[in-house]
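Coordinate inspection notes
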Amino acid sequence: MEYKSSIKPTLIIGGGISGITAAVELAEAGREVILVEQKPYLGGNVVKMNNYFPKLCPPGCGLEINFRRIRQNPRITYFPSSTISDISGSKGNFSVSMVTSALYVNDLCTACGKCTEVCPEERPDEFNYNFTKTKAIYLPHEMTFPMKFHIDDQYCKKEACNKCVEVCTNNAIDFAAQAESQVLEVSSIVIATGWRNYDARKLANLGYSSSENIVTNVEFERLLAAAGSGNGKLKRPSDEKEPKEIVFVQCAGSRDENHLPYCSAVCCSASLKHALTVQEKIPGCKVTIYYIDLRVTGRNEDFLKKVEENPNITLIKGKVGNVEKNSETENLIVEAENILEGKKIKHTADLVVLATGIVSNELPLNLLTTQDGFLSDDQQEGIHAISCSKKPMDVSSSVKEATAVALKAIQ
Ligand SMILES: Cc1cc2nc3c(=O)[nH]c(=O)nc-3n(C[C@H](O)[C@H](O)[C@H](O)COP(=O)(O)OP(=O)(O)OC[C@H]3O[C@@H](n4cnc5c(N)ncnc54)[C@H](O)[C@@H]3O)c2cc1C
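The next point concerns the overall build of the protein. Counting its regular elements, the protein contains 8 helices and 22 strands. The C-alpha atoms of the protein give a radius of gyration of 23 Å, which matches the 22 Å a tight globule of 411 residues would have. Here the C-alpha coordinates of the protein stretch approximately 70 × 50 × 35 Å along the principal axes. With 411 residues in all, the protein has 44% of them scored as buried. For the protein, long-range pairs separated by at least 24 residues make up 68% of all intrachain contacts whose partners lie at least 6 apart in sequence.

Structure representation (C-alpha cells):
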C-alpha cells in the first residue's frame, strides 16, 4: 500500500461502532487510517439491533452519518472481509499481515438485485440468526456498507451455474477472484473487535436447544426488526403465532461461576428496552422479567420507571432454575423463585428470551487478556484495546472510549 503522509497510518481492527468512531475521529484530525473488518459490511453488532437505547432509535441513526463520514474522507481506507493474521514490530513501526477473502463481487456492483432474482441456491441468513434464508448471492442487510452484494462460497455453484454473471450488466461478478494477502506498515494499532453472545447451548437447564421458542436476547432483536424474520411483526418461531405471554430470564449465564462470573452490563437495559418494544408491537402482551438485580445506569433509569408503570410488565426478583417445553402446545414452563415473597413459581409462556451475556471475540494474535477472557489494558506500547473487546459496555461508552483512543493514537 502507498501512504499519503510521512507518518504511518493507524490500523483499526474491527469495524463496529467503536472501530468506525475511532477511524473517523482520527481521519478528521488529519491522520491516515486503515480499517479492517472480518465481515463483508461495517457496523458490527449495532447494525443487527432493532432499535437502541437510550433514545430507542434504529441503528441507522448513528451509523448512516458515520458511513457518510467514511465515504467522504480520503484518509480512511477500509477492508471488509479481511482479518489480521500477524503483528510484529513496535510502536511507530508495526508490520501487520492481512488476508482478504476472495471478493467474487467487485466494486462495480450497483446493488440492483438482478443477480438475486435469478440465483437458484439458498443459504441460512446469519444476519437474522438463521431464522430466514437468502440466496447464495445476497445483500447482507438493507444498510450494508459498502453497499454491494456478496457471494457465500459454501452455497454458490459458481461457473457451474453462472446465472448471476449472465444478468449482471456491470461485469461486477468474477469467479476467478482469489483471496489476497498483504503486509501493512502502521504506526499504532487500535483493537475494536467487540463481543459475541455467550453460547446459550451451554445453559442446559434453560432449555435453549429444546425449543425454537426459547431465544437469546440478540436473536430477539431480529424477531422484532422490520427486516427480521417477521417483517416487523413479532411472531414466535415454532408456529408464527403472535405471543401473548413472554418471559425474560436475566443473567442467563452471567454472574455465575460455572459460566460468566461477571455482569455483562447491558442485558438489564436491553431487556427493559425489549419489554417496552413488545408493548408497541403487541399492546397488552404480558411480559415478566425475572432478575437477580436490575442494573441500569444514567438515562436508562427512565426505562425502568416506564416499565414499572406499565401494567402489562411485571418485574420479579428471582432466579430461573429451569425452562421446559410442553410438547403438545409448544408452550414453555418456567420454574423460578420469587425471592421477595419466598414463593416457588411455575410460569407458562409462549416465548422465553434468555438475556445471555457478552464474551470477547477471540483473535489469533498474541495479546494480553484478563481472567475473564477480555483484552487487557496493558498491551505492548502502541497497541490499544477498546470498548467491548475490553469489557462489556453500551454504545455511548464505546463511542467515548473510541474517541479517547483516537487522541492517544495521535499522541
Ligand atoms: C442484546 C443486546 C442489546 C443491546 N442493545 C443496546 C442498546 O440498545 N443500546 C446500547 O447502547 N448498547 C446496546 N448493546 C451493547 C452494544 O451492542 C455494544 O455497546 C456495541 O456493540 C459495542 O460496539 P463495538 O464496536 O465495540 O463492538 P461490536 O459491535 O461487537 O463490533 C466489533 C466488530 O469487530 C469485528 N471483528 C471481530 N473480530 C475481528 C477480527 N479478528 N478481525 C476483523 N474484525 C473483527 C466484528 O465483526 C464487528 O464488526 C446491546 C447488547 C446486547 C447483547
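Here we take up the pairing of strand β1 (residues 10–13). Regular strands have side chains that alternate between both faces of the sheet. Both faces of β1 are covered, namely the face carrying Thr10 and Ile12 and the face carrying Leu11 and Ile13. Here 4 bridges tie β1 to strand β11 (residues 188–191), and the two strands are oriented parallel to one another. Note that in β11 the partner of Ile13 across the bridge is Ile191. Relative to strand β2 (residues 33–36), β1 runs parallel, the two being bridged by 4 bridges. Looking at β2, one finds that Ile12 is bridged to Leu35. The β-α-β motif built from β1, the intervening helix α1 (residues 17–28) and the parallel element β2 has right-handed crossover chirality.

Moving on to the packing of α1 against helix α8 (residues 395–410). The packing of two helices is summarised by the inter-axis angle and the distance between the axes. With their axes 8 Å apart at the nearest point, α1 and α8 run at an angle of 40° to one another. Between α1 and α8, the crossing angle belongs to the class labelled oblique. Every pair of crossing elements has a handedness; the one defined by α1 and α8 is right-handed. On α8, the residues touching Ile17, Ser18, Thr21, Ala22, Glu25 and Leu26 of α1 are Val395, Ser398, Val399, Glu401, Ala402, Thr403, Val405, Ala406, Ala409 and Ile410.

Two strands in a sheet stick together by hydrogen bonds in their backbones, pointing the same way (parallel) or opposite ways (antiparallel). Here we have 5 strands laid out as an open sheet, ordered β3-β2-β1-β11-β22, and parallel in their pairing. The sheet is open, and its two borders are formed by β3 (76–79) and β22 (383–385), each paired with just one other strand. Taking the axes of each pair of neighbouring strands and ignoring which way they run, one obtains an average angle of 15° across the sheet. Of the strands in this sheet, β1, β2, β3 and β11 touch α1, which is tilted by about 170° from β2.

Of the pairings in the sheet, the one linking strand β4 (residues 82–90) to strand β5 (residues 93–100) comprises 8 bridges and is antiparallel in character. Opposite Ile84, over in β5, you have Met98 as the bridge partner. Between β4 and the antiparallel strand that follows it, β5, lie 2 residues; Gly92 among them carries a positive phi value of about 95°.

What follows covers unusual backbone geometry. Looking along the chain, the bond that leaves Phe53 and enters Pro54 is cis, with omega of 10°. Relative to the assigned elements, Pro54 resides in the loop between β2 and α2 (60–72). Looking along the chain, the bond that leaves Phe145 and enters Pro146 is cis, with omega of 0°. Backbone geometry at Asn162 places phi at a positive 65°, although glycine is not the residue there. Tracing the backbone shows Asn162 in the loop between β9 (150–151) and α4 (163–167). Take Asn162: there are 13 C-beta atoms within 10 Å of it, and that puts it in the partly exposed class. Its identity as a non-glycine residue notwithstanding, Ala265 has a phi of 70°, on the positive side. Position of Ala265 among the secondary structure elements: in the loop between β14 (245–252) and α6 (267–281).

Take the domain arrangement of the protein next. According to the domain assignment, the protein contains domain 1 (10–101 + 179–194 + 361–410), domain 2 (114–167) and domain 3 (199–358). Taken together, the residues of the side of domain 1 that touches domain 2 sort by class into 7 nonpolar, 2 polar and 1 charged.

With that settled, the discussion passes to the site of the ligand. What surrounds the ligand is a group of 38 residues, the closest being Gly14, Gly16, Gly44, Gly194 and Val395. In terms of domain composition, the shell around the ligand takes at least three residues from each of domain 1 (10–101 + 179–194 + 361–410) and domain 3 (199–358).

Here we take up the sheet that holds β5. Across the sheet, which stays open at both edges, the 3 strands sit in the order β4-β5-β10 with antiparallel pairing between neighbours. Edge positions in the sheet fall to β4 and β10 (180–186), since each of these pairs with one other strand and no more. Strand-to-strand twist of the sheet, defined as the mean angle between neighbouring strand axes without regard to direction, takes the value 20°.

It is at 10 Å that the axes of α1 and α2 come closest, and there the two elements cross at 40°. Accordingly, the angle class assigned to the pair α1 and α2 is oblique. Every pair of crossing elements has a handedness; the one defined by α1 and α2 is left-handed. Contacts between α1 and α2 involve Ile17, Ile20, Thr21, Ala23 and Val24 from the former and Gly62, Asn66, Arg69 and Ile70 from the latter. Split into classes, the residues belonging to the contact of α1 with α2 amount to 5 nonpolar, 3 polar and 1 charged.

Before going further, it helps to spend a moment on helix α5 (residues 217–224). Burial runs high along α5: 8 of the 8 residues are buried. Taken together, the buried residues of α5 touch β12 (195–197), β13 (214–216), α6 and β20 (351–356).

Turning next to the environment of Ile137. Tracing the backbone through its elements, the reader meets Ile137 in strand β8 (residues 137–138). By C-beta crowding, Ile137 is classed as buried, having 28 other C-beta atoms within 10 Å. Considering only alpha carbons, one finds Ile137 and Tyr155, 18 residues apart in sequence, at a separation of 9.0 Å. Ignoring anything within four residues of it in the chain, the contact list for Ile137 reads Cys115, Thr116, Cys119, Phe149, Ile151, Cys156 and Cys164.

Thresholds applied
Residues numbered from 1 in each chain as written. Predicted model: local features only at pLDDT ≥ 70, side-chain atom pairs only at ≥ 80, totals over all residues. Helix = DSSP H or I, 4+ residues; strand = E, 2+ residues; numbered from the N terminus. Rg over C-alpha atoms; globule rule 2.2 N^0.38 Å. Buried ≥ 20, exposed ≤ 12 C-beta atoms within 10 Å, placed from the backbone. Contact = placed C-beta atoms within 7 Å. Pairing = 2+ DSSP bridges. Right-handed = clockwise from strand over helix to strand, strands pointing away. Axes fitted to C-alpha atoms, helices over the stretch in contact; angles between N-to-C directions. Parallel < 35°, antiparallel > 145°, perpendicular 65-115°, else oblique. Left-handed = near helix turned anticlockwise from the far one by under 90°. Domains from an automatic or database assignment. Nonpolar A, V, L, I, M, F, W, Y, C, P; charged D, E, K, R; others polar. Near = placed C-beta within 6 Å.

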